[in-house]
Amino acid sequence: MKFILNTGRTVTQGRHVEHKYHQGYFEETSSCFIHPLDLMDLDLEDGEHVEVVSEWGSVVLRAVSCEDLRKGMIFVPLGPFANHIIPPRTHSTGMPDFKNITVELARTERERLTQWELMEKIGGKRYENQ
Amino acid sequence: MTELLIRNACVIDPLNDICGEVMDIAVRDGKIVESVGSGAEVIDAGGSLTMPGGIDSHTHICGTKVNFGRYMSPEDMRAGRTARRGHMHSTSGYSVPTTYGTSYRYSAMGYTTALEGAMAPLEARHTHEEFTHTPLQDMMANTLFDGNWPIMQAIHDGDIRRAAAIVGWTLSAVKGFAIKLTNPGGTEAWGWGKDVASIRDPVPHFEVTPAEIIRAMIEANEMLNLPHSVHLHCNCLGKPGNHQCTLETFDLVPNANNKRQSLYATHVQFHSYGGSSWRDICSRSEEICRAINSKPQIVIDMGQVMFGKTTTMTADGPMEFNLYRLYHNKWSNHDVELETGSGIIPVYYSRKNLVNSIMWSIGLELALLTDNPWQCILSTDNPNGAPFVKYPEIMALLMSKRYRNEIFGTVHPDTEHNVPLAAIDRELTWNDIAIMTRGAPAKALGIEDLGKGHLGEGADADIAIYPININETDPATSAEEVIRAFGQTDYTIKRGRVVCRQGTCMVDGKNTTIWVDPHISENYSMDHDPEFAKNFDRYYTVRMSNYPVQEEYIRRNLCIETEAQL
Amino acid sequence: MKINDVVCPFCGCLCDDLEITVEHNRIVAVDNGCTLANAKFMSKEQLASPIRRTGEGWENISYDEAIQYTVDMLLDADRPLLYGWSGTHGEAQCIGVHVSELVGGIIDSTTSVCHGPSILAIQEVGHPGCTLGRVKNRADVVIYWGCNPLEAHPRHMSRYTTYADGYFLQNAFRERKVIVVDVRETETARVADEFIRIKEGGDYAVLSALRAIVRGKGDVVPESVAGVSRSQLERIVTLCKDAKFGAIFFGLGLTMTRGKYKNVRNAIELVDELSRHTKFTITPMRGHWNVYGSNEVFTWMTGYPYAIDFCRGIAFYNPGETSAIDLLARKECDACLIIGSDPGAHFPRGCVEHLAEIPTVVIDPVPTMTTALADVQIPVAVSGIDADGTAYRMDGVPIRVRKVIEPTLPNDREVLKSIHAKMKEAKGQ
């Protein structure tokens, strides 16, 4: 099913900007807020996993029911999960399309990667000395 | 100990009555001295014109609105770029250069001291940060009090002493230099999108008039024993017929100080218009100058307009909006809570435009019709009338009737019916120019006793050596020579060090910030005034304890401590 | 020990009324702060020493080694990018400009992924704004457009607008009308007097419709614009025109969506129209506490607010070409110094991939997502907690952030100063 993806700050994401390896940051930024009726259409329960695919890539997130949204729109808090599928082009403005991106959603049984796994997938190395 | 000897300098030093005498100047550790030893470094001036470093007593080069002028104008930044070279950082900008650009270009023209024309107290920290990055000039900041709530309240209550105490507290807190009033009362009215129409028009809600603010601030200024006088941007700037407002304002001014003027009226060109609309605007420079000639208590600067592109910026928010509605270019506005306003728009002054031609003419008329050059300082209200790099051309226009006629021949043909310029034959002398750019601004700012604006023993060794021989050059017939010479010194010396040599800056430099600290009795100290503190923390968005500018922002500074009669 | 009037170094509100309790050089309590402030002041996650990536993991190294690595990296680079800056104080940003100029590098701040488009709009049409106190004391209409202050700037409404006391308002909360424009019904939208819910990407059209109605050309506006009814738009215009003082605050809802700087330009031009009827102002909701400071500092030092390229000696500005996202996406830069920001978390993957490939140094107190992509990280004191310095609030008011505890690590300006000094030395200057 096609959706419009928006990303943005949330207070939980903000609280964790200096605690990015915490579970709280992982849970918040790997959430996909979605209207309950859309959940039904996708045959998903609140908290189940969903694969979000843009022209740039795909990422597995946890669906979170949210009535703030209009049907047909999903919201993912600013962070490495959303950015995994945001295209890096700026139309010569310096600013990528962080909002209003067309994506495909489908139910998945796959697990989410962690934020560190996402970084390691592209050649990074987690820092573990906590 | 470092010593320097400048030989064969043809000196013009108006504050010491030296006019064209060829002499040696001795410098030790940054100060002018009687003589130096044989080991001193020697510069042979070869008979070139040598003057104290130039002082700009009204220029907008540092602070919030100046920086916004840069920020909103990449086209202006692109119009003046230089690469990093030796001690010089890269620079950008034509009418609003970066701080280094401003500093280098002033230095190349022999200017060593400047007064930032308008600093909102709440944003003072910003001005001081930019001062730090303007390394080759000593800096002062006019501090805005035109729409200050507690001051207007005190004036309304008839308590001038309290108004003075608030001014004194604020100047100390923000490391300011002088009282600046920009369209007094008008900037507060602009908080509702309105303006004041005359000096008798009360400010909404506060019920004080601009005239009351001006008179109270002149009185407060003297109570605080400040070095400079009140520095006024009159009401009604840029409006046809505003000469009436200006003349009425001048009539308010008592002769309250025997050492200097009681009022410094800035960029008077913008306040000397006759007529009732843009269709019949004309010059009223003659009436304005008659008033100045009969009132020694007033000093003005010109606010000369020169043709070309520039950026206008002032605390006068409503005026900028009116100007924007004429130009339709782009408009920025920045009101400052409880204090003042500001606005910025880019403009193009065209010689083919009648109003612009009249403005150009009026500025020159003010300088030529003011009998005493000590009462009229050379300025463009940089960058409002033109960028300061145009000063050499203005000097040439004032010194040569022939050059003036030549340019007058190129302006809008109807100009001559609206201005008296063509009938004025006066040509200013080298000494007049030295007065208008050195002696007079030093005296008007009250910094000659600090050793600014002259070359007497003990003065700061701020010296400009221009590549011109005044005995061999007749300025009346050599405008090009004059422009070339004043455009770039052979040597600019600051605190006894060569800082600029033929346009190339030789050192990293470090400025001195000059500020005032009036000593006020406990009874009048705002630090112990519960009413003041309560309203401060209630209506400002910054806590009173976070408002004063910390010592970190004025690393090298000169504090003028005064004893207030409070 | 209690310290009063402490400035919060989290968001662009720069609240300066926090009360911090310190015991044994540790912060034990934060009063008056929002949840974001509390998290920042109470954070205990700082790195204790510089780290370097090895084949298998990470090792601790000395500051001298870390600084030397940075110097060598920058001197060896052909196209270095110096990015971030919003999380540090102005004095460090100044040195950053000097370093960039010295190596002919590119310096860019997080502006390019927040209000960069707003700056592009301002460069086209200007910016009628004011300080926040002007709004607090006067505004009877406040519009939040494409922003969610209750989550991103939690005290904005209580300090500066809805819930703040105002000199000219008897009962500020009742007298002020709050209008929220968003695609989501956020917490902020729920406390508004009027919520305008627009369809994604519809901002430009809605702004144009409002401008038309302000100009008296409402008849050209269709019944519904991007999901908003004409009658609601007309009601909003009447509210605005009847206001004594109106203030628009806007966020990334305008800058990040389709239209980008054109959306912001349209919003500014709406304020321009309204200024012919009453007093109106507009203010971007700047995110990082000192992102606006980076624009101020870069502007007086170089002439431009962000995305400045020194590769030809002069300062060259062309966002879209010289901005961090584009440089990384084109894989153009060959070394990167990151300070006071976390592109690893906040940049699209296509940019982050390149960071992982090139030498990268991070100057930051805590491990971030960017740490994983870096070769070296240099921990520093936290500006506003154990380092002081200048910050610029979202409205341009400069405030000095304080040092409330004694540092155990060097601060940003000290680290940058030694990098700069060593580079000058290496270049024989």
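Trainee: Could you clarify how one ought to interpret the overall build of chain B in this entry?
Mentor: Broken down by element type, chain B carries 17 helices and 24 strands. Counting across all 566 residues of chain B, residues that qualify as buried make up 69%. Relative to all contacts within chain B whose residues are 6 or more apart in sequence, the contacts with residues 24 or more apart total 77%. Side-chain charges in chain B split into 49 positive and 69 negative, and the spacing between the mean points of these groups amounts to 5 Å.

Trainee: Just checking my understanding: could you explain the overall build of chain C for this structure?
Mentor: Secondary structure summary: chain C contains 18 helices and 22 strands in total. A compact globule built from 429 residues would reach a C-alpha radius of gyration of about 22 Å, and chain C, at 23 Å, matches this within 12%. Structurally, chain C occupies a C-alpha span of about 65 × 50 × 40 Å along its principal axes. Of all 429 residues assigned to chain C, the portion counted as buried reaches 71%. When contacts within chain C are restricted to residue pairs at least 6 apart in sequence, those whose partners lie at least 24 apart make up 67%.

Trainee: How should I be thinking about the sheet that holds strand β1 (residues 2-6) of chain C in this particular structure?
Mentor: Residue and element names in this part refer to chain C. If you walk across this open sheet you meet the 3 strands as β1-β2-β3, and the pairing is antiparallel. The open sheet terminates on both sides in strands that have one partner only, identified here as β1 and β3 (26-31). Ignoring which end each strand starts from, the neighbouring axes of this sheet average 30 degrees apart. As judged from the 3 bridges shared by β1 and strand β2 (residues 18-23), these two strands associate in the antiparallel manner. In the strand pairing of β2, Ile3 is matched with Ile20. Running at roughly 170 degrees to β3, helix α1 (residues 35-42) makes contact with β1, β2 and β3 of the sheet.

Trainee: It is not clear to me how helix α17 (residues 530-539) of chain B should be interpreted in this structure. Could you clarify?
Mentor: In an α-helix, one full turn covers 3.6 residues, which means residues spaced three or four apart are oriented alike. What α17(B) keeps buried is the set B:Phe532, B:Phe536 and B:Tyr539. Around the axis of α17(B), the buried residues are gathered within 95 degrees of arc, so they sit on the same side. Where α17(B) is buried, its residues touch α5 (149-156) and α6 (160-174) of chain B together with α5 (132-138) of chain C. Put simply, B:Asp529 is the residue that caps the front of α17(B), since its side-chain oxygen is 3.2 Å from the backbone nitrogen of B:Glu531.

Trainee: What am I meant to see in the packing of helix α10 (residues 285-294) of chain B against helix α12 (residues 354-369) of chain B here?
Mentor: A packed helix pair is summarised by two numbers, namely the angle formed by the two axes and the spacing between the axes. Residue and element names in this part refer to chain B. Put simply, α10 and α12 touch, their axes get as near as 9 Å, and they point 30 degrees apart. With respect to each other, α10 and α12 are oriented roughly parallel. In the crossing of α10 with α12, the sense of the turn from one axis to the other is right-handed. Contacts between α10 and α12 pair Ser285, Glu286, Ile288, Cys289 and Asn293 from the former with Ile362, Glu365, Leu366 and Leu369 from the latter.

Trainee: Explain α12(B) here, please?
Mentor: Residues and elements named next belong to chain B. In this model, α12 (16 residues) spans 22 Å end to end at C-alpha, consistent with the 22 Å of a helix rising 1.5 Å per residue. With respect to burial, α12 is a largely interior element, 14 of its 16 residues being buried. Where α12 begins, the side chain of Asn353 points an oxygen toward the backbone nitrogen of Val355, at a separation of 2.8 Å.

Trainee: How should I be thinking about the pairing of strand β9 (residues 178-182) of chain B in this particular structure?
Mentor: Both faces of the sheet carry side chains from a regular strand, because those side chains alternate between them. Residues and elements named next belong to chain B. Counting buried residues in β9 gives 5 out of 5 residues, a clear majority hidden from the surface. Going residue by residue along β9, you find Ala178, Lys180 and Thr182 tucked away on one face and Ile179 and Leu181 tucked away on the opposite face as well. Strand direction decides the pairing type here: strand β8 (residues 138-144) and β9, joined by 3 bridges, are parallel. By the bridge assignment, Thr143 is partnered in β9 with Ile179. As paired elements, β9 and strand β10 (residues 230-233) share 3 bridges and run parallel to each other. Across the sheet, residue Lys180 finds its bridge partner in β10, namely His231.

Trainee: Is there a simple way to explain the environment of B:Pro204 in this structure?
Mentor: Residues and elements named next belong to chain B. Examined against the element boundaries, Pro204 turns out to sit in the loop between α7 (186-189) and α8 (210-223). Once the C-alpha coordinates of Pro204 and Ser379 are considered, the two residues, 175 residues apart in sequence, prove to be 33 Å apart. If near-sequence neighbours (up to four positions away) are discounted, Pro204 is found in contact with Ala189 and Trp192.

Trainee: Teacher, can you tell me more about the pairing of β8(B) here?
Mentor: Residue and element names in this part refer to chain B. Across the 7 residues of β8, 7 count as buried, placing the element largely inside the fold. Of the two faces of β8, the one carrying Asp138, Met140, Asn142 and Leu144 and the one carrying Met139, Ala141 and Thr143 are both buried. Pairing analysis gives 5 bridges linking strand β7 (residues 111-119) to β8, with the strands arranged parallel. Bridge pairing links Glu116 to Ala141 in β8. Note on the crossover from β7 through helix α4 (residues 124-132) to β8: the handedness is right-handed.

Trainee: How should the sheet that holds strand β5 (residues 73-77) of chain A be read in this particular structure?
Mentor: The pairing of strands in a sheet happens through backbone hydrogen bonds and is either parallel or antiparallel. Residue and element names in this part refer to chain A. Pairing in this closed barrel of 6 strands is mixed, and the strands run β1-β5-β2-β4-β3-β6 around the ring. Geometrically, the sheet is characterised by an average inter-axis angle of 45 degrees between neighbouring strands, direction not taken into account. Relative to strand β4 (residues 57-65), strand β3 (residues 49-54) runs antiparallel, the two being bridged by 6 bridges. Bridge pairing in β4 links Glu51 to Val60.

Trainee: I'm lost on the interface of chain C and chain A in this one. Help?
Mentor: Reports of interface size often rely on the accessible area that becomes lost once the parts have come together. With 65 residues of chain C in contact, the opposing surface of chain A contributes 51 residues. Of all residues in chain C, the largest losses of buried area upon contact with chain A belong to C:Arg184, C:Arg349 and C:Met369, amounting jointly to 14% of the total for that side. Taken together, chain C and chain A are joined by 4 salt bridges. Between the two partners, chain C and chain A, sit 22 residue pairs in polar contact (both at pLDDT 80 or more). Breaking the side of chain C that touches chain A down by element, the ones donating at least two residues are α1, β4 (51-53), α4 (116-125), α6 (149-152), α12 (252-255), α15 (324-329), α16 (343-346) and α17 (349-357) of chain C. When residues of the side of chain C that touches chain A are assigned to their parent elements, the largest contribution, 6 residues, is made by α17(C). Taken together, the residues that form the side of chain C that touches chain A break down as 31 nonpolar, 17 polar and 17 charged.

Trainee: Please explain the pattern of salt bridges as it appears in this structure.
Mentor: If charged atoms from side chains of opposite charge come close, those side chains can pair. Under the defined criterion, the tally for this structure stands at 71 salt bridges over all chains. A salt bridge links A:Arg62 to A:Glu27; the nearest nitrogen and oxygen atoms lie 3.4 Å apart. Of this pair, A:Arg62 sits in strand β4 while A:Glu27 sits in helix α2 (residues 23-29), placing them 35 residues apart in sequence. A relative accessible area of 24% means that A:Arg62 is categorised as partly exposed. The closest approach of N and O atoms between A:Asp38 and A:Lys71, which form a salt bridge, is 3.2 Å. Taken together, the residues A:Asp38 in helix α3 (residues 36-41) and A:Lys71 in the loop between β4 and β5 connect sequence positions 33 residues apart. Classification of A:Lys71 as partly exposed rests on a relative accessible area of 44%. One salt-bridge network, held together by shared partners, links B:Lys31, B:Asp138, B:Lys452, B:Asp460, B:Asp462, B:Lys494 and B:Arg495.

Trainee: I would appreciate a short explanation of the confidence of the model for chain C in the present structure.
Mentor: Atom-level detail of predicted coordinates should not be read off regions where pLDDT is low. Summarising the model, chain C shows a mean pLDDT of 97, and 100% of its residues fall at 70 or more. Under the prediction, the complex receives an ipTM of 0.97, its pTM being 0.97.

Trainee: Whenever I open this one, the state of the cysteines confuses me. Can you help?
Mentor: As used in these notes, a disulfide is a covalent bond between sulfur atoms, one from each of two cysteines. On inspection of all chains with the given rule, the structure shows 0 disulfides over all chains. Left without a disulfide partner, A:Cys66 is nearest to the cysteine sulfur of A:Cys32, which lies 10 Å away. Here B:Cys236 is not cross-linked by a disulfide; its sulfur's nearest cysteine counterpart is in B:Cys245, at 3.8 Å. Judged by relative accessible area, B:Cys236 falls into the buried class, the value being 8%.

The rules behind each value
- Residues numbered from 1 in each chain as written.
- Chains lettered and ligands numbered in written order.
- Predicted model: local features only at pLDDT ≥ 70, side-chain atom pairs only at ≥ 80, totals over all residues.
- Heavy atoms only, no water.
- Helix = DSSP H or I, 4+ residues; strand = E, 2+ residues; numbered from the N terminus.
- Buried < 20%, exposed > 50% of the residue type's maximum accessible area, 1.4 Å probe, protein only.
- Contact = heavy atoms within 4.5 Å.
- Lys, Arg positive; Asp, Glu negative; His and termini not counted.
- Charge placed at Lys NZ, Arg CZ, Asp CG, Glu CD.
- Rg over C-alpha atoms; globule rule 2.2 N^0.38 Å.
- Pairing = 2+ DSSP bridges.
- Axes fitted to C-alpha atoms, helices over the stretch in contact; angles between N-to-C directions.
- Arc of directions from axis to C-beta.
- Polar contact = N/O pair within 3.5 Å; in protein donor to acceptor, adjacent residues only side chain to side chain.
- Parallel < 35°, antiparallel > 145°, perpendicular 65-115°, else oblique.
- Left-handed = near helix turned anticlockwise from the far one by under 90°.
- Expected span 1.5 Å × (residues − 1).
- Right-handed = clockwise from strand over helix to strand, strands pointing away.
- Buried area = accessible area lost by both parts, 1.4 Å probe.
- Salt bridge = Lys/Arg side-chain N within 4 Å of Asp/Glu carboxyl O.
- Nonpolar A, V, L, I, M, F, W, Y, C, P; charged D, E, K, R; others polar.
- pLDDT = per-residue confidence, 0-100.
- Disulfide = S-S within 2.5 Å.

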